Amino acid sequence: GVFHESQMVSLDMLEESEYLEKYLLPIDSALTQFSSIQLTNEQVQKLYYGQVVETEEKAISLIKLINGSGEFFGLGQIQADGSLTSVRLLSRHSTG
(Lines give C-alpha, C1' and ligand atoms only; values in the text may rest on other atoms or scores of the structure.)
Protein backbone atom coordinates (compact mmCIF):
# COMPACT_ATOMS: atom_id res chain seq x y z
CA GLY A 1 0.00 0.00 0.00
CA VAL A 2 0.90 3.66 0.01
CA PHE A 3 1.04 3.95 3.79
CA HIS A 4 4.04 2.73 5.74
CA GLU A 5 4.63 1.84 9.35
CA SER A 6 7.23 4.60 9.59
CA GLN A 7 4.41 7.13 9.05
CA MET A 8 2.41 5.91 12.03
CA VAL A 9 1.93 8.18 15.02
CA SER A 10 0.91 7.00 18.47
CA LEU A 11 -2.07 8.45 20.29
CA ASP A 12 0.31 9.67 23.00
CA MET A 13 2.32 11.63 20.43
CA LEU A 14 -0.85 13.23 19.11
CA GLU A 15 -2.06 14.15 22.58
CA GLU A 16 1.31 15.75 23.40
CA SER A 17 1.61 17.68 20.14
CA GLU A 18 0.59 21.32 19.81
CA TYR A 19 0.61 21.12 16.01
CA LEU A 20 -1.57 18.22 14.88
CA GLU A 21 -1.48 19.49 11.28
CA LYS A 22 2.09 18.25 10.85
CA TYR A 23 0.77 14.68 11.09
CA LEU A 24 -1.96 15.08 8.48
CA LEU A 25 -1.42 13.71 5.00
CA PRO A 26 -2.89 15.33 1.89
CA ILE A 27 -6.47 14.21 1.24
CA ASP A 28 -5.51 12.50 -2.02
CA SER A 29 -2.54 10.58 -0.59
CA ALA A 30 -4.58 7.35 -0.71
CA LEU A 31 -5.38 7.87 -4.40
CA THR A 32 -1.91 7.40 -5.88
CA GLN A 33 -3.16 4.68 -8.24
CA PHE A 34 -5.14 7.25 -10.24
CA SER A 35 -3.82 9.56 -12.95
CA SER A 36 -4.54 13.26 -12.55
CA ILE A 37 -5.52 16.17 -14.74
CA GLN A 38 -4.87 19.82 -13.92
CA LEU A 39 -7.68 22.17 -14.84
CA THR A 40 -8.05 25.90 -15.27
CA ASN A 41 -10.22 27.89 -12.87
CA GLU A 42 -12.88 28.14 -15.59
CA GLN A 43 -12.93 24.36 -16.06
CA VAL A 44 -13.13 23.83 -12.29
CA GLN A 45 -16.09 26.21 -12.12
CA LYS A 46 -17.87 24.29 -14.88
CA LEU A 47 -17.49 21.01 -13.01
CA TYR A 48 -18.87 22.56 -9.80
CA TYR A 49 -21.89 23.70 -11.84
CA GLY A 50 -22.37 20.16 -13.13
CA GLN A 51 -21.25 20.99 -16.66
CA VAL A 52 -19.05 18.89 -18.96
CA VAL A 53 -15.47 19.98 -19.69
CA GLU A 54 -14.00 19.11 -23.09
CA THR A 55 -10.46 17.68 -23.03
CA GLU A 56 -8.02 16.04 -25.43
CA GLU A 57 -7.51 13.14 -23.00
CA LYS A 58 -8.28 9.48 -23.63
CA ALA A 59 -11.15 7.73 -21.86
CA ILE A 60 -10.48 6.89 -18.21
CA SER A 61 -12.91 5.64 -15.60
CA LEU A 62 -11.53 7.65 -12.66
CA ILE A 63 -9.08 10.53 -12.68
CA LYS A 64 -7.95 12.88 -9.91
CA LEU A 65 -9.00 16.48 -10.50
CA ILE A 66 -6.41 19.15 -9.68
CA ASN A 67 -7.25 22.87 -9.67
CA GLY A 68 -5.12 25.72 -10.97
CA SER A 69 -3.39 26.00 -7.59
CA GLY A 70 -2.30 22.36 -7.72
CA GLU A 71 -4.84 21.22 -5.12
CA PHE A 72 -6.89 18.05 -5.36
CA PHE A 73 -10.61 18.84 -5.48
CA GLY A 74 -12.30 15.64 -6.61
CA LEU A 75 -12.57 12.70 -8.94
CA GLY A 76 -13.77 12.76 -12.52
CA GLN A 77 -14.40 10.50 -15.47
CA ILE A 78 -13.33 11.03 -19.08
CA GLN A 79 -15.51 9.57 -21.82
CA ALA A 80 -14.27 8.20 -25.16
CA ASP A 81 -14.98 11.58 -26.81
CA GLY A 82 -12.75 13.39 -24.27
CA SER A 83 -15.59 14.89 -22.24
CA LEU A 84 -14.81 15.16 -18.52
CA THR A 85 -17.54 14.95 -15.89
CA SER A 86 -17.27 15.03 -12.13
CA VAL A 87 -17.85 11.89 -10.08
CA ARG A 88 -17.21 13.35 -6.60
CA LEU A 89 -16.16 16.89 -5.71
CA LEU A 90 -14.94 18.27 -2.40
CA SER A 91 -16.81 21.13 -0.85
CA ARG A 92 -15.31 24.40 -2.06
CA HIS A 93 -14.59 25.31 1.56
CA SER A 94 -12.31 22.23 1.82
CA THR A 95 -10.06 23.31 -1.02
CA GLY A 96 -9.03 26.62 0.47
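The structure under discussion appears in the preceding block.
Quick look at the structure, then.

The rules we used
- Residues numbered from 1 in each chain as written.
- Predicted model: local features only at pLDDT ≥ 70, side-chain atom pairs only at ≥ 80, totals over all residues.
- Heavy atoms only, no water.
- Helix = DSSP H or I, 4+ residues; strand = E, 2+ residues; numbered from the N terminus.
- Rg over C-alpha atoms; globule rule 2.2 N^0.38 Å.
- Buried < 20%, exposed > 50% of the residue type's maximum accessible area, 1.4 Å probe, protein only.
- Patch = residues over 30% accessible without salt bridge, like charges linked within 9 Å, V, L, I, M, F, W, Y side chains within 5 Å.
- Areas by Shrake-Rupley, 256 points an atom, 1.4 Å probe, with all protein chains shown as cover.
- Salt bridge = Lys/Arg side-chain N within 4 Å of Asp/Glu carboxyl O.
- Core = buried A, V, L, I, M, F, W, Y, C linked by side-chain atoms within 4.5 Å.
- Contact = heavy atoms within 4.5 Å.
- Pairing = 2+ DSSP bridges.
- Axes fitted to C-alpha atoms, helices over the stretch in contact; angles between N-to-C directions.

**Let's talk about the overall build of the protein**
Step number 1: Each helix and strand counted, the protein has 2 helices and 5 strands in total.
Step number 2: Going residue by residue from the N terminus, the α and β elements of the protein occur as α-β-α-β-β-β-β.
Step number 3: Expected size for 96 residues packed as a compact globule is a radius of gyration near 12 Å; at 16 Å, the protein overshoots this value by more than 25%.
Step number 4: Dimensions of the protein, computed from the C-alpha atoms along their principal axes, are close to 50 × 30 × 15 Å.
Step number 5: A buried classification covers 26% of the 96 residues belonging to the protein.

**Focus: a nonpolar patch on the surface**
Step number 1: Nonpolar side chains collect at one region of the surface, where Val2, Phe3 and Leu25 lie side by side and expose about 260 Å² of accessible area between them.
Step number 2: Assignment of secondary structure puts Phe3 in the segment before α1 (11-16).

**Let's talk about the nonpolar core**
Step number 1: Counting 10 residues, the largest nonpolar core is built from Ile37, Leu39, Val44, Leu47, Val53, Ile63, Leu65, Phe73, Ile78 and Leu84.
Step number 2: Sorting the residues of this core by element identifies α2 (41-48), β3 (60-66) and β4 (72-78) as the ones contributing at least two each.
Step number 3: With residues up to four places along the chain from it excluded, the contact list for Leu39 reads Val44, Leu47, Leu65, Ile66, Asn67, Gly68, Phe73 and Leu84.

**Digging into the sheet that holds β4**
Step number 1: With mixed pairing, the 5 strands of this open sheet are ordered in space as β1-β3-β4-β5-β2. Every interior strand has two partners, whereas the edge strands, β1 (36-38) and β2 (53-54), have only one.
Step number 2: Examined bridge by bridge, β1 and β3 share 3 bridges and lie parallel to one another. Within the sheet, the bridge partner assigned to Ser36 lies in β3 and is Lys64.
Step number 3: Along the sheet, α2 makes contact with β2, β3, β4 and β5 (83-89), crossing β5 at roughly 65 degrees.

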